[in-house]
Amino acid sequence: MSDTETGLHLHDSDLAPGDERADGREIAEGIRGYLVGLGLATLITVVAFIVSGTSLVWQPSIPIALVVLAIAQMGIHLVFFLHITTGAESLNNMLALMFGLLIVVLLIVGSLWIMTHLNHNMMPIERIIQMQH
Amino acid sequence: MSIALEDARIDVGRRSYLGLRIEHAERSLASKRVISGFGFWIFLLSDIVMFSAFFAAYAVLSGETAGGPSGKDLFDLNRVALETACLLLSSFACGVASIGARARSDFMYYGAMTATALLGAAFLFLEIREFAGMIALGAGPTRSAFLTSFFALVGCHGLHVTLGLLWLLTMMAQVFAKGYRADIMRRVLCFGLFWHTLDIIWVGIFTVVYLMELAK
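So, how was this worked out
Residues numbered from 1 in each chain as written. Chains lettered and ligands numbered in written order. Predicted model: local features only at pLDDT ≥ 70, side-chain atom pairs only at ≥ 80, totals over all residues. Heavy atoms only, no water. Axes fitted to C-alpha atoms, helices over the stretch in contact; angles between N-to-C directions. Helix = DSSP H or I, 4+ residues; strand = E, 2+ residues; numbered from the N terminus. Parallel < 35°, antiparallel > 145°, perpendicular 65-115°, else oblique. Left-handed = near helix turned anticlockwise from the far one by under 90°. Contact = heavy atoms within 4.5 Å. Nonpolar A, V, L, I, M, F, W, Y, C, P; charged D, E, K, R; others polar. Phe/Tyr/Trp six-rings, centres within 6.5 Å; stacked < 30°, edge-to-face > 60°. Buried < 20%, exposed > 50% of the residue type's maximum accessible area, 1.4 Å probe, protein only. Buried area = accessible area lost by both parts, 1.4 Å probe. Salt bridge = Lys/Arg side-chain N within 4 Å of Asp/Glu carboxyl O. Polar contact = N/O pair within 3.5 Å; in protein donor to acceptor, adjacent residues only side chain to side chain.

A.B. asks: So what's going on with the packing of helix H2 (residues 24-53) of chain A against helix H7 (residues 182-215) of chain B? Which residues, and what values?
C.D. replies: Where H2 of chain A contacts H7 of chain B, the axes come no closer than 10 Å and their chain directions differ by 15 degrees. Of the possible angle classes, the one that applies to H2 of chain A and H7 of chain B is roughly parallel. The two elements H2 of chain A and H7 of chain B cross, and the hand of that crossing is left-handed. The residues of H7 of chain B that touch H2 of chain A, namely those facing Tyr34, Thr45, Ala48, Phe49 and Ser52 of chain A, are His196, Phe206, Leu211, Leu214 and Ala215 of chain B. Grouping the amino acids of the contact of H2 of chain A with H7 of chain B by side-chain chemistry returns 7 nonpolar, 3 polar and no charged.

Written as structure tokens, this is what we have:
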């Protein structure tokens, strides 16, 4: 293993950005970022739990509201916890995420779409039993 | 006219191509930390794609109870809220641990990693009790298609949390034995990404599996 790997003989100025030791200001900023993320995520989670049990809104709108809240919370986790942003350093991560999302949407929406149609077009089981007699 | 336009386009294209090359040569290569983070992110996305297949199966099969119990009979919203709180707080603690490692603060790193582990273990304990309770009621994975897809999806997430806990303890031991070395720090970074991703998947699970079922 080389010296750059062990980091024992290296001064902080020799390290790549982000590899050096964090100072007090960076620590405070980092903690604040995670606290903001935690606050927003908690808020959305609480709203989602309340919305799921409420009888105050039109009932068919609840699943849509839940999906929207979940996507918002996932976005908050991505930005504040995983630090996947649109910044230059994170561009590759962002592109990979976009492709991943495309596959996820195709898989879930495609499955639901096809299976609902199949379900709709299938003969009721009682009819099949009738026809066998 | 059209030929001239095409020529101009080629010219612009070539110049920007050269510009890109010059820019690339001037910029230094991305650091190992950025590269390993990207590589691990690709793995996590493939894991998310795998989970999306389980989600699709659950969404299709969630109504197929075969005369057995439905989610409404089995799920306990208070336990789900507690599980969600455990995992969210452990995700936060994991973030604090990663800052502690960057600041070379033993107290912050080990303290936050211990908190992450304890909250993760509490989540697993609640989940295992839920599974055990359901199986005791005769609502095991063999009862209906709904329960098969439920145990597959939620169980797969639980398995990830279990493996994550083992990885967490390994990272504590590695920092203890080898210090905050550059290669160890990259592993700490990847572990953080893994743990936060599990929380993202849990957001999908508590929404699609539990809240949707109880909202019906």
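Structure shown, so let's carry the discussion forward.
A.B. asks: Before we move on, could you go through the packing of aromatic side chains and cite the residues and values that matter?
C.D. replies: Taken as a whole and judged by the stated rule, the model has 20 aromatic pairs over all chains. When the centroid spacing of 5.4 Å and the interplanar angle of 35 degrees are considered together, the rings of Phe49 of chain A and Phe206 of chain B count as tilted. Of this pair, Phe49 of chain A sits in helix H2 while Phe206 of chain B sits in helix H7, each in a different chain. Between Phe150 of chain B and Phe151 of chain B the ring centres are 5.4 Å apart and the planes differ by 85 degrees, which places this aromatic pair in the edge-to-face class. Each member of the pair, Phe150 of chain B as well as Phe151 of chain B, is classed as buried. Taken together through their ring pairs, the aromatic side chains of Tyr58, Phe75, Phe123, Phe131, Phe146, Phe150, Phe151, Trp202 and Tyr210 of chain B make up a single cluster.

A.B. asks: For the interface of chain A and chain B, give the residues involved together with the corresponding values.
C.D. replies: Contacts between the two partners involve 50 residues from chain A and, on the opposite side, 49 residues from chain B. Both faces combined, the contact of chain A with chain B buries some 4300 Å², and carbon together with sulfur accounts for 75% of it. Between the two partners, chain A and chain B, sit 1 salt bridge. Among the salt bridges present, the one from Glu26 of chain A reaches Arg102 of chain B, with a minimum N-O distance of 2.7 Å. In this structure, the connection of chain A to chain B is made through 2 residue pairs in polar contact (both at pLDDT 80 or more). Elements that contribute at least two residues to the side of chain A that touches chain B include exactly helix H1 (3-6), H2, helix H3 (61-81) and helix H4 (91-121) of chain A. Taken together, the residues of the side of chain A that touches chain B sort by class into 30 nonpolar, 14 polar and 6 charged.

A.B. asks: Requested: an account of the side chain of Thr45 of chain A, with residues and values cited.
C.D. replies: Considering the arrangement of structural elements, one finds Thr45 of chain A in helix H2. Polar side-chain contacts of Thr45 of chain A include one of 2.7 Å to the backbone oxygen of Ala41 of chain A. Excluding anything up to four places from it in sequence, Thr45 of chain A contacts Gln73 of chain A together with Thr84, Leu88 and Phe206 of chain B.

A.B. asks: How would you sum up the pattern of salt bridges? Please name residues and give values.
C.D. replies: Counting across every chain of the model gives 3 salt bridges over all chains. Glu29 of chain A is the salt-bridge partner of Arg25 of chain A, the closest N and O atoms lying 3.0 Å from each other. Note that Arg25 of chain A and Glu29 of chain A are positioned in helix H2 at a spacing of 4 residues, about one turn of the helix. For Arg25 of chain A, a relative accessible area of 55% translates into the label exposed. Here Asp183 of chain B makes a salt bridge to Arg181 of chain B, at a shortest N to O gap of 2.9 Å. You can call Arg181 of chain B buried: its relative accessible area is 18%.

A.B. asks: Outline the packing of H2 of chain A against helix H4 (residues 77-102) of chain B, supporting the account with residue identities and numerical values.
C.D. replies: Remark: H2 of chain A packs on H4 of chain B, axes separated minimally by 10 Å, with the N-to-C direction vectors making an angle of 170 degrees. Regarding the angle of H2 of chain A to H4 of chain B, the classification is roughly antiparallel. Together, Glu26, Ile27, Gly30, Ile31, Tyr34, Leu35, Leu38, Ala41, Thr42, Thr45 and Phe49 of chain A of H2 of chain A and Leu77, Val80, Ala81, Thr84, Leu88, Leu89, Phe92, Gly95, Val96, Ser98, Ile99 and Arg102 of chain B of H4 of chain B make up the contact between the two elements. Of the residues that constitute the contact of H2 of chain A with H4 of chain B, the class distribution is 15 nonpolar, 6 polar and 2 charged.

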